[in-house]
Amino acid sequence: MTVALAGTRLPAATHELILAPQSIKAHLAGYDVSMLGFNGGLPGPEVRMRQGQTARITLDNRLEEGALVHWHGLRVPNRMDGVNVLTQDVVIPGDSYRYQFGVPDAGTYWYHSHYLSYDQVSRGLFGAFIVEEQNAPAVDHDIVVQFFDVLLDQSGQYDEGFNPAHFATEGRIGNTVTALVSNGTSKNVRQGDRLRLRLINPSIDRVYRVGLDGLAGKIVALDGMPLAQPQTLEPILLAPGQRCDVIGDATGPIRFDDSFGERTLSLGEIAVSGSREPAKAPITALPANRMPAPQDPGQTAELVLQGGAGSASHNGTGTWALNDVSGLPRTPFLSVAQGTTARISIRNETGFPHVMHLHGHHFWELDAAGEAGPYRDSTYLDTGETRDILVVLDNPGSWMLHCHMLSHQADGMATWIRVG
Ligand code: C2O
Ligand code: CU
């Protein structure tokens, strides 16, 4: 089912914003569900800025519990990263915190609660954070689509019960999937129009393989970062926290479906009415962001993903562990001088997929031959899979590295890296 929402779109020049998490009623699957939202909405307001601007955002905590906001994928100064213990104290009810940071990279990012996030994100504390290019490609519509799932009980209310099995398996998968479409549905999309779709997966644990019908186009960015060569549009694996930008021309109603599970699931659609001649302009690569160049690795490390139902025991105290430790250890997994290029080999020894996310940096996924693939902030590993990543650790501070299946993070699959 689909819920169409016109997100609060801030003009690109506005970068002073208050984000107030609070209790809300969201209309989901025909029910009025008690959820949480920023500024009264689920998703929260769509933040839109231009590359190079400075964001000034005040978190005004109107919850009856703590709050924190993390700017997922944005290279922010460490103090602005929104992580309990590592970078700041939790903001208590009634209190506020002022975040200020520049946005050096254009792309599709998002923000979300980083406090008890498996619970607060699943209740709705997230939103899109869009940084527009100085020379954005010409499109008729720039639409954010967030695939969000929620677990509702018999009476259509948010299911409070956390089953331990959720934590030890593939996580807490919702029974109601919603495509939250911002902006686009308030405007009339015609057949032949050129669209930029910014797909985001804010679900806590659910992985999608998003099929797109009714669009002839290309994949132009992953996790916010432009691909050097746009790729053929095929079903897109979108694990929790990941993003994908697609540019293409509407050939009919745009339908989203998910083929990750055994059954193909309809996720929603963007209707079209009327038609026009499609633009002839080819779809080319987005302008590259200015990123640090990798050196020969000055540091190598291995990170082993362990635990969960049915796998060998480990020495951590939680269900999941990284290198035999569950949860944030006192000493970091890795400590390097600022500017070090590190090659980290991540090995998934568990019986479930995971998606490992590094804060404050992007990294190259390396293929089996060691060639650099996409530049991402979250990498998906199927059960039994090993992936090497290459990262220039140039942003000083303490940075979390964790599974973005937030039930797994909550139950041990988290560590950190110290830079500088
Ligand atoms: Cu989007 Cu630490 O996460
Ligand atoms: Cu995981």
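Here the residue index of a chain counts from 1 through its sequence in written order. Written order determines the labels here, with chains lettered from A and ligands numbered from 1. Local features in a predicted model are, by the rule used here, given only for residues with pLDDT of at least 70; side-chain atom pairs are given and counted only at 80 or more, and totals for whole chains, interfaces and linings are based on all residues. Working from all heavy atoms in the structure, the side-chain values ignore hydrogens and water.

Quick look at unusual backbone geometry now. With an omega of 0°, the peptide bond running from L42 to P43 counts as cis. The helix count covers DSSP runs of H or I at least four residues long, the strand count covers runs of E at least two residues long, and both are numbered beginning at the N terminus. Among the structural elements, P43 can be located in the loop between β4 (31–38) and β5 (47–50). Positioned with a positive phi, A29 is a non-glycine residue whose angle comes to about 50°. Note on placement: A29 falls in the loop between β3 (21–28) and β4.

With that out of the way, let us pick up the pairing of strand β2 (residues 16–19). The alternating pattern of β2 places L17 and L19 on a buried face and E16 and I18 on a face that is not buried. The criterion for strand pairing is that DSSP finds at least two bridges linking the strands in question. In this structure, β2 lies alongside strand β6 (residues 54–60), joined through 4 bridges in parallel fashion. What sits directly across from L19, in β6, is L59. Each residue's exposure class comes from its accessible area (1.4 Å probe, protein chains only) as a fraction of the maximum for that residue type: buried when under 20%, exposed when over 50%, partly exposed otherwise.

On to the coordination of the copper ion (ligand 2), then. Coordination of the copper ion (ligand 2) by the protein involves H354 (ND1), C403 (SG) and H408 (ND1), with metal-donor separations of 2.0 to 2.1 Å. Donors, by definition, are the N, O and S atoms found within 2.8 Å of a metal, the threshold being 3.2 Å for Na, K and Ca, and water is not counted, so a site can look incomplete. One chain supplies every donor to the copper ion (ligand 2), and in sequence these donors are spaced H-x48-C-x4-H.

It is worth spelling out the environment of P226 at this point. With respect to the helices, strands and loops of the structure, P226 is situated in strand β15 (residues 225–232). Taking the C-alpha atoms as reference, P226 lies 6.8 Å from A285; in sequence the two are 59 residues apart. It only takes one pair of heavy atoms within 4.5 Å for two residues to be counted as in contact. If near-sequence neighbours (up to four positions away) are discounted, P226 is found in contact with V220, A221, L286, P287, A288 and N289.

Attention shifts here to the sheet that holds β2. An order of β2-β6-β8 is seen for the 3 strands of this open sheet, with the pairing classed as mixed. Pairing within the sheet leaves two strands with one partner each, and these edge strands are β2 and β8 (96–102). On average, each strand axis in the sheet is inclined to that of its neighbour by 20°, with strand direction left out of account. The axes used here are C-alpha line fits, helices contributing only the stretch in contact, and every angle between their N-to-C directions lies in the interval 0 to 180 degrees.

Next up on the list: the pattern of salt bridges. Salt bridges are identified by distance alone: a Lys or Arg side-chain nitrogen within 4 Å of an Asp or Glu carboxyl oxygen. With the rule as written, the count across this model stands at 27 salt bridges. With a closest N to O distance of 2.7 Å, R276 and D140 form a salt bridge. Of the two residues, R276 sits in the loop between β18 (265–270) and β19 (299–307) while D140 sits in the loop between β10 (126–132) and β11 (141–150), which places them 136 residues apart along the sequence. By relative accessible area, D140 is classed as partly exposed at 31%. Taking the shortest distance from any N to any O, the salt bridge between R276 and D193 comes out at 3.4 Å. Of this pair, R276 sits in the loop between β18 and β19 while D193 is found in the loop between β12 (176–182) and β13 (194–200), placing the two residues 83 residues apart along the sequence. Overall, the relative accessible area of 27% leaves R276 in the partly exposed class. Connected through salt bridges with shared partners, the residues E46, R48, R50, E132, E133, D142, R196, R198 and D245 form a single ionic network.

Before going further, it helps to examine the environment of D324. Relative to the assigned elements, D324 resides in the loop between β20 (320–322) and β21 (334–336). A residue is classified by how much of its surface remains accessible, and D324, at 31% relative accessible area, is partly exposed. As a C-alpha pair, D324 and R79 span 245 residues in sequence and 28 Å in three-dimensional space. In this structure D324 touches Q306, H314, N315 and G316, once residues within four positions along its chain are discounted.

UniProt positions are given in the numbering used here, feature names are shortened, and annotations may be inferred rather than shown by experiment. The sites that UniProt annotates as "domain: Plastocyanin-like" (unreviewed entry) are residues 29–135, 167–251 and 319–419. End C-alpha atoms of residues 29–135 are separated by 39 Å, and the span's content is 4% helix alongside 41% strand. As annotated, residues 319–419 comprises 5% helix and 53% strand, and the C-alpha atoms at either end are separated by 28 Å.

Another aspect to go through is the packing of aromatic side chains. Think of it this way: a Phe, Tyr or Trp ring, Trp meaning its six-membered ring, pairs with another when their centres are within 6.5 Å, and the plane angle makes it stacked under 30 degrees, edge-to-face over 60, tilted otherwise. Under the defined criterion, the tally for this structure stands at 13 aromatic pairs. Each ring, one from W71 and one from F129, has its centre 6.0 Å from the other, and the planes form 80°; the classification is edge-to-face. Of this pair, W71 sits in strand β7 (residues 69–72) while F129 sits in strand β10; the two residues are 58 residues apart in sequence, bridging distant segments of the chain. One exposure class covers both W71 and F129, and it is buried. One aromatic cluster is present, formed by F38, W71, Y97, Y99, F101, Y111 and F129 through successive ring pairs.

A few words on the domain arrangement of the protein chain. Segmenting the protein chain into domains produces domain 1 (2–270) and domain 2 (299–419). The interface is formed by 40 residues belonging to domain 1 together with 35 residues belonging to domain 2. Interface of domain 1 and domain 2: buried area, both sides summed, is about 2,900 Å²; carbon and sulfur atoms make up 59% of it. Considering only the side of domain 1, the residues that lose the most area to domain 2 are N78, L86 and F167, jointly responsible for 20% of the buried surface there. The tally of links from domain 1 across to domain 2 stands at 2 salt bridges. Domain delimitation in this document rests on an assignment produced automatically or drawn from a domain database. Buried area adds together the accessible area that both of two parts lose upon being put together, with accessible area traced by a 1.4 Å probe.

Ranked by internal contacts, the top residues of the largest apolar core, which has 33 residues, are W71, L74, Y99, F101, Y111 and F129. Considering every element that reaches this core, the biggest residue donor is β6, with 3 residues. Of the residues that make up this core, three or more belong to each of domain 1 (2–270) and domain 2 (299–419). To qualify as a nonpolar core, a set must consist of buried Ala, Val, Leu, Ile, Met, Phe, Trp, Tyr and Cys residues joined through side-chain atoms within 4.5 Å. Counting 30 residues, the second largest nonpolar core, distinct from the first, contains L334, F352, L401 and I417.

Examined against the element boundaries, D249 turns out to sit in strand β17 (residues 243–258). We classify D249 as buried; its relative accessible area is 11%. Excluding its chain neighbours within four sequence positions, the residues that come into contact with D249 are G192, D193, R194, G214, L215, A216, P278 and A279.

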